[in-house]
Every structure is written in structure tokens, then in C-alpha cells.
Amino acid sequence: MSDTYNDVVQSYGRCLRDKAFIDRFYQILMSSHPDIRAAFSGTDFGRQRRALRRGISTALMFAAGNDFVKGGVDTMAEVHSRNGRAPVEPRMYALWLDSLVQAVEESDGEFTGELARRWRDAMGVVIRYFSDHY
Ligand code: HEM
């Protein structure tokens, strides 16, 4: 049976109970690289927060092998592709993932090093998919 990443899904649930989680993630992400700050210069963050909350859930379901989210993953891959609305060079994903893991560490009271590794494994699936479709 494939990995369901249930431990990561539970961790994400604990993070979302912290109302500051998504904002804190963006704060960390924005300070990680000038190119990233520039990429978000025209962004409506109210809308973006909701999109990301859903995007991470979709990514975790995709990693767990739920093919019914494939359409949502394809849409995100398209948005971030070379010719998409918000192109993301594959090298940027490492910063994104480091920022996410740092935000999880701050918000999840049950955070461990092992859980960090599990988050990286889980999000690595969608990141590979986006990179392959760049
Ligand atoms: C696996 C990692 C990522 C996920 C799951 C993700 C997810 C999303 C989602 C769901 C949207 C909204 C799409 C829409 O409006 O239709 C979005 C938009 C966007 N993302 Fe990402 N993203 C990721 C990584 C990144 C990275 C590394 C960057 C760095 C430059 C980035 C920059 C953007 C920008 C600029 C937008 C458009 C915001 C706007 O509409 O103004 N994303 N992303």
C-alpha cells in the first residue's frame, strides 16, 4: 500500500488551527530571496492565502496517491510552468519548502525532526511533478 502521509496531514491540521500559520509562511518565504518577493509583487494576499491552504491539501492528497486531485495538481503545475501565469523556476522550490518547514516548526506543537523529513518527502512529490512540467 502507498504511504498515506497521515502524520503530515495531522500536522497540517494542527498548523491551520494557528490562524497566523499561512501569513507566517509567506513572511518567511518573502524574506528568503529577492526573486521571490518580486514574483509576488502584484499578489492579492487574501486570495493567495486561500489558494495556498487548498493547494497544500491538494498536494498532500496527491502524494498519498489520490488520483481524483490530479486536475487540481495539473492546474497548479500549469500556473507555475514556464509559460504560465506565475512561472516558477524549479530551483525556487527548495526555498519554498524550507520556508514551509520552518513555519510548520513554529506552529505545530508536536513538531520533530522526523516530521520535518516527512513533510519534505510529501511535498517533494508535487514539487517533482511541477518541476517536470516546467
Ligand atoms: C509546491 C509548492 C507550491 C504550491 C503548492 C503552490 C501553489 C499555488 C497556488 C494554488 C496558487 C494559486 C493559483 C491560482 O491562482 O490559480 C499559486 C500562485 C502563485 N504562486 Fe505558487 N505554489 C508553490 C510554489 C511557489 C513558488 C516556489 C513560488 C515562487 C516564486 C510561487 C509563486 C506563486 C505566484 C507568484 C503565484 C501567483 C499569485 C498571484 O496570483 O498573484 N509558488 N501557487
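Residues numbered from 1 in each chain as written. Predicted model: local features only at pLDDT ≥ 70, side-chain atom pairs only at ≥ 80, totals over all residues.

### Digging into the site of the ligand
Neighbouring the ligand are 22 residues; Thr-43, Ala-51, Gly-55, Ala-86 and Trp-96 lie closest to it. Sorting the residues of the shell around the ligand by element identifies α3 (34-39), α4 (45-63), α5 (70-79), α6 (93-107) and α7 (113-132) as the ones contributing at least two each. The greatest single-element share of the shell around the ligand, amounting to five residues, is contributed by α4. Partitioning the shell around the ligand into residue classes produces 17 nonpolar, five polar and no charged. (Near = placed C-beta within 6 Å. Helix = DSSP H or I, 4+ residues; strand = E, 2+ residues; numbered from the N terminus. Nonpolar A, V, L, I, M, F, W, Y, C, P; charged D, E, K, R; others polar.)

### So, the packing of α6 against α7
With their axes 10 Å apart at the nearest point, α6 and α7 run at an angle of 150° to one another. Classified by the angle their axes make, α6 and α7 are roughly antiparallel. Seen from above, α6 lies across α7 with right-handed handedness. In this structure, α6 contributes Tyr-93, Leu-97, Leu-100, Val-101, Val-104 and Glu-105 to the contact, and α7 contributes Ala-116, Trp-119, Arg-120, Met-123, Ile-127 and Ser-131. Among the residues making up the contact of α6 with α7, the classes are represented as nine nonpolar, one polar and two charged. (Axes fitted to C-alpha atoms, helices over the stretch in contact; angles between N-to-C directions. Parallel < 35°, antiparallel > 145°, perpendicular 65-115°, else oblique. Left-handed = near helix turned anticlockwise from the far one by under 90°. Contact = placed C-beta atoms within 7 Å.)

### Some words on the nonpolar core
Formed by 27 residues in total, the largest nonpolar core has its most connected members in Ala-59, Leu-60, Ala-63, Ala-122, Met-123 and Val-126. If you list the elements that add at least two residues to this core, you get α1 (6-17), α2 (21-30), α4, α5, α6 and α7. Beyond its immediate stretch of four places on either side in the chain, Ala-122 contacts Tyr-5, Val-8, Leu-60 and Ala-63. (Core = buried A, V, L, I, M, F, W, Y, C linked by C-beta atoms within 7 Å. Buried ≥ 20, exposed ≤ 12 C-beta atoms within 10 Å, placed from the backbone.)

### Description of α7
Under the 1.5 Å per step criterion, the end-to-end length of α7 is 28 Å for 20 residues, consistent within 8% with the ideal 28 Å. At Gly-124, α7 shows its maximal kink, close to 35°. Turning to α7, its buried residues number three or more, namely Trp-119, Ala-122, Met-123, Val-126, Ile-127 and Phe-130. Of the surrounding elements, those touching the buried residues of α7 are α1, α4, α5 and α6. (Expected span 1.5 Å × (residues − 1). Bend = angle between axes of the 7 residues up to and from the residue.)

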